[in-house]
Protein chains: 2
Amino acid sequence: MHSIEIIQTIKERREVLQVTQETLAELSGVGLRTLKQLESGKGNPTLVTLQKIADVLGMEICLKVKTIGT
Amino acid sequence: MHSIEIIQTIKERREVLQVTQETLAELSGVGLRTLKQLESGKGNPTLVTLQKIADVLGMEICLKVKTIGT
DNA sequence: TTGTAAAGTGCTTTTTACGGCACTTTTAAG
DNA sequence: CTTAAAAGTGCCGTAAAAAGCACTTTACAA
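Calculation rules
Residues numbered from 1 in each chain as written. Chains lettered and ligands numbered in written order. Predicted model: local features only at pLDDT ≥ 70, side-chain atom pairs only at ≥ 80, totals over all residues. Heavy atoms only, no water. UniProt positions renumbered as here; feature names shortened; annotations may be inferred. Helix = DSSP H or I, 4+ residues; strand = E, 2+ residues; numbered from the N terminus. Axes fitted to C-alpha atoms, helices over the stretch in contact; angles between N-to-C directions. Parallel < 35°, antiparallel > 145°, perpendicular 65-115°, else oblique. Left-handed = near helix turned anticlockwise from the far one by under 90°. Contact = heavy atoms within 4.5 Å. Buried < 20%, exposed > 50% of the residue type's maximum accessible area, 1.4 Å probe, protein only. Least-squares fit on C-alpha atoms with pLDDT ≥ 70 in both. Near = heavy atom within 4 Å. Polar contact = N/O pair within 3.5 Å; in protein donor to acceptor, adjacent residues only side chain to side chain. Nonpolar A, V, L, I, M, F, W, Y, C, P; charged D, E, K, R; others polar.

**Student:** When you look at the UniProt feature "domain: HTH cro/C1-type" (unreviewed entry) in chain A in this model, what are you seeing that I'm missing?
**Tutor:** Under the feature "domain: HTH cro/C1-type" (unreviewed entry), the UniProt entry names residues 10–64 of chain A. Counting secondary structure, residues 10–64 of chain A comes out at 60% helix and 11% strand; the distance between its end C-alpha atoms is 19 Å.

**Student:** Help me understand the packing of helix 2 (residues 21–28) of chain A against helix 3 (residues 32–39) of chain A, please; the structure alone is not making it clear to me.
**Tutor:** How two helices sit against one another is set out by the angle between their axes and by the gap between those axes. Residue and element names in this part refer to chain A. At a minimum axis distance of 9 Å, the contact between helix 2 and helix 3 shows a crossing angle of 125°. On the basis of the axis angle, helix 2 is oblique to helix 3. As for how helix 2 packs across helix 3, the hand of that crossing is right-handed. Here helix 2 contributes Gln 21, Glu 22, Leu 24 and Ala 25 to the contact with helix 3, which in turn contributes Leu 32, Leu 35, Lys 36 and Glu 39.

**Student:** In this structure, what is going on with the environment of Val65(A)? I would like to understand it.
**Tutor:** Within the fold, Val65(A) resides in strand 1 (residues 59–65). For Val65(A), a relative accessible area of 39% puts it in the partly exposed group. Between the C-alpha atom of Val65(A) and that of Val30(A), which follows or precedes it by 35 residues, the distance is 29 Å. Excluding residues that lie within four positions of it along the chain, Val65(A) makes contacts with Arg13(B), Gly58(B) and Met59(B).

**Student:** Can you help me understand the relation of the copies chain B and chain A in this one?
**Tutor:** The operation linking the two copies of the chain is a rotation about an axis combined with a translation along the axis. The two copies are related by a screw operation: chain B maps onto chain A through 180° of rotation and 0.0 Å of translation along the axis, at an RMSD of 0.1 Å. This pairing of chains is accounted for by a two-fold axis. Minimal C-alpha distance to the rotation axis in chain B is attained by Thr46(B), lying at 1.9 Å. With an isologous cut-off of 70% or more, the 100% of interface residues of chain B that recur at the interface of chain A puts this contact in the isologous class.

**Student:** Whenever I open this one, the environment of Gln37(B) confuses me. Can you help?
**Tutor:** All names here are of chain B. Structurally, Gln 37 is set in helix 3 (residues 32–39). Along the backbone, Gln 37 and Asp 55 are 18 residues apart, and their C-alpha atoms lie at a distance of 19 Å. Excluding residues within four positions of it along the chain, Gln 37 makes contact with Lys 42 and Gly 43.

**Student:** What should I look at first to understand the protein's contact with DNA strand C in this one?
**Tutor:** If you check the shell around DNA strand C, you find 17 residues, and the closest are Thr49(A), Arg14(B), Gln21(B), Arg33(B) and Lys42(B). Atoms of DNA strand C within 4 Å of the protein belong to the sugar or the phosphate in 62% of instances, the rest to bases. Between a phosphate oxygen of DNA strand C and a main-chain N or O atom of Gly31(A), the distance comes to 2.9 Å. Taking Thr49(A), its side chain carries an N or O atom lying 2.5 Å from a phosphate oxygen of DNA strand C. At the level of secondary structure, the elements contributing two or more residues to the surface near DNA strand C comprise helix 3 of chain A together with helix 1 (3–16) and helix 3 of chain B. Its residues placed into classes, the surface near DNA strand C shows two nonpolar, nine polar and six charged.

In structure tokens, the structure reads:
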């Protein structure tokens, strides 16, 4: 996944869970400004920031060797 | 995966491929200092930095909903 | 043991993520 | 249309990531 897809995935997941940016910011401990900037595609979050958000959304970041096929 | 595991995975993958930090730095466009700091567990890399490294190592970052089981 | 390559660290500057505040724009319900 | 909530944006200070340089430490082969 590229950065853009990761960001998009976060946004979609948040929407599915019907959580506002404000609530997610509070629950994750990430600043509202940071979250807004991120979701509007203008961010390059640190791993820690990403983890905090993923945690609250019931998601997880993983790193794996690329497979050949689909 | 937590930050620590992700970092560890990078380090291990680099070693398996028998690539030096210096070479990885050159190939990925990430500064050698940044890479050293990262692998020695003192970093909080940005998503872009992580992607650059993963790319060269033939790896990929993904974000997915946590599953219940193993 | 010695020599060399790789890895790790302190110091530094530059860049940029983070996050607060206030404001605008968009969206959706009445 | 009105209005309220959510999302997006500009400004800005602080903190920290990025990265270069020089040096030390570690690992390993001769």
